[in-house]
Amino acid sequence: NIRKLFQDRIGPLSYFVEEWFENEKAMAFVRSPTMIVHGKQDIIIPYQHGEQLFKACRMRKLFVNPTVMEHNTNLTTDVAFLIVPMFRFF
C-alpha cells in the first residue's frame, strides 16, 4: 500500500499521494497458499507492511521475517531466507 508507506515517511501529507497498490484489498482475492518473505532490516518498505499483508491473507500462509535481511538481499545467500521455509511450507 503506497499511501501507508508514505504515511510512515511524511505523515498526514500522505493523503495527497494517489494509491497505486491496494495490496490489502487484493489479498482478499488470493486463493492459494501464500508465503511472504520480508526482512526486518528493510529500510525502503518497513517489514510491518509485510506483516499486515500476512494478517490480511485468509488462506494457508507463512510469514518469513529474517532479522538480517534487507530490501534487496539475495534470497539465495542464506537457505533460511527462502529455501528451508519453502520446503517446509509447500
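Structure first, text after, so check above.
Residues numbered from 1 in each chain as written. Predicted model: local features only at pLDDT ≥ 70, side-chain atom pairs only at ≥ 80, totals over all residues. Heavy atoms only, no water.

(A) Molecular detail of the packing of aromatic side chains. Evaluation of the coordinates by the stated rule reveals two aromatic pairs. Both rings, one in Phe-54 and one in Phe-63, keep their centres 5.7 Å apart while their planes meet at 40 degrees; by these two values the pair is tilted. Ring geometry for Phe-89 versus Phe-90: centroids 4.7 Å apart, planes at 80 degrees, classification edge-to-face. One residue, Lys-40, lies across the ring of Tyr-47, its end atom 5.7 Å from the ring centre. A cation sits over an aromatic face here: Arg-60 above Phe-89, 4.0 Å from the ring centre. (Phe/Tyr/Trp six-rings, centres within 6.5 Å; stacked < 30°, edge-to-face > 60°. Lys NZ or Arg CZ within 6 Å of the ring centre and 35° of its normal.)

(B) Quick peek at the nonpolar core. Of all hydrophobic cores here, the largest spans five residues; its members are Met-27, Ile-36, Leu-53, Cys-57 and Phe-63. The contacts of Cys-57, once residues within four sequence positions are left out, are Met-27 and Thr-34. (Core = buried A, V, L, I, M, F, W, Y, C linked by side-chain atoms within 4.5 Å. Buried < 20%, exposed > 50% of the residue type's maximum accessible area, 1.4 Å probe, protein only. Contact = heavy atoms within 4.5 Å.)

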